[in-house]
Amino acid sequence: MASKRSLTARLLPGDGPLARVSPLVAFLAVTVLFVLGVVIRGPLGALFLGLLAAGVAVLLAATWRVLAPAQRLGRALVLAVLVAVAVSVL
């Protein structure tokens, strides 16, 4: 139980590597990558969406142990939809 508590403590706001990234900047970066991927289409658009999916996958893997099952399912669903969109723009 102590290891789960320490993992949770590391994920509190202000402690992680993304703590210095403004939520607005993160939102805009994700939005720009998604819109570019959908608008450009083809291999370059799929690349943008793939980069976005890779980022989501890394965040999901990093937080997996502290997420409740419903949260895991929701985040995995978002990742699956993003991968499906990336494949569809090819």
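Residues numbered from 1 in each chain as written. Predicted model: local features only at pLDDT ≥ 70, side-chain atom pairs only at ≥ 80, totals over all residues. Heavy atoms only, no water.

K.L.:
Any details on unusual backbone geometry? Residues and values, ideally.
P.N.:
Phi angles above zero are rare outside glycine, and R41 is one such case at about 60°. Relative to the assigned elements, R41 resides in the loop between α2 (23-40) and α3 (42-63). Classification of R41 as partly exposed rests on a relative accessible area of 43%. (Helix = DSSP H or I, 4+ residues; strand = E, 2+ residues; numbered from the N terminus. Buried < 20%, exposed > 50% of the residue type's maximum accessible area, 1.4 Å probe, protein only.)

K.L.:
Describe α3, naming the residues involved and giving the relevant values.
P.N.:
Taking 1.5 Å of rise per residue, 22 residues should cover 32 Å, and α3 covers 32 Å from first to last C-alpha, within 8% of that figure. Within the sequence span of α3, burial applies to G42, G45, A46, F48, L49, L52, A53 and L60. Seen along its axis, α3 keeps its buried residues to an arc of 155°; they face one direction. Turned more than 90 degrees off the buried face of α3, the exposed positions are P43, V58 and A61. (Expected span 1.5 Å × (residues − 1). Arc of directions from axis to C-beta.)

K.L.:
Requested: an account of the confidence of the model for the chain, with residues and values cited.
P.N.:
Per-residue pLDDT for the chain averages 86, and the proportion of residues at 70 or more is 83%. The lowest-confidence element of the chain is helix α1 (residues 2-10), averaging 51 in pLDDT; the highest-confidence one is helix α4 (residues 69-88), averaging 95. (pLDDT = per-residue confidence, 0-100.)

K.L.:
Report on the packing of α3 against α4, specifying residues and quantitative values.
P.N.:
Running from amino to carboxyl end, α3 crosses α4 at an angle of 165°, the nearest separation of the two axes being 9 Å. Classified by the angle their axes make, α3 and α4 are roughly antiparallel. Handedness of the crossing formed by α3 with α4: left-handed. Facing α3, whose interface residues are A46, L49, G50, L52, A53, V56, A57 and L60, α4 presents R75, A76, L79, L82, V83, V85 and A86. When the residues that make up the contact of α3 with α4 are grouped by side-chain class, the tally is 13 nonpolar, 1 polar and 1 charged. (Axes fitted to C-alpha atoms, helices over the stretch in contact; angles between N-to-C directions. Parallel < 35°, antiparallel > 145°, perpendicular 65-115°, else oblique. Left-handed = near helix turned anticlockwise from the far one by under 90°. Contact = heavy atoms within 4.5 Å. Nonpolar A, V, L, I, M, F, W, Y, C, P; charged D, E, K, R; others polar.)

K.L.:
Hey, could you go over the packing of α2 against α3 for me, with residue numbers and the actual values?
P.N.:
Packing of α2 against α3 leaves a shortest axis separation of 7 Å and a crossing angle of 155°. In terms of axis orientation, α2 runs roughly antiparallel to α3. The two elements α2 and α3 cross, and the hand of that crossing is left-handed. In this structure, α2 uses V30, L33, F34, L36, G37, V38 and I40 to contact α3, whose residues at the interface are G42, L44, G45, F48, L49 and L52. Residues belonging to the contact of α2 with α3 are distributed by class as follows: 10 nonpolar, 3 polar and no charged.

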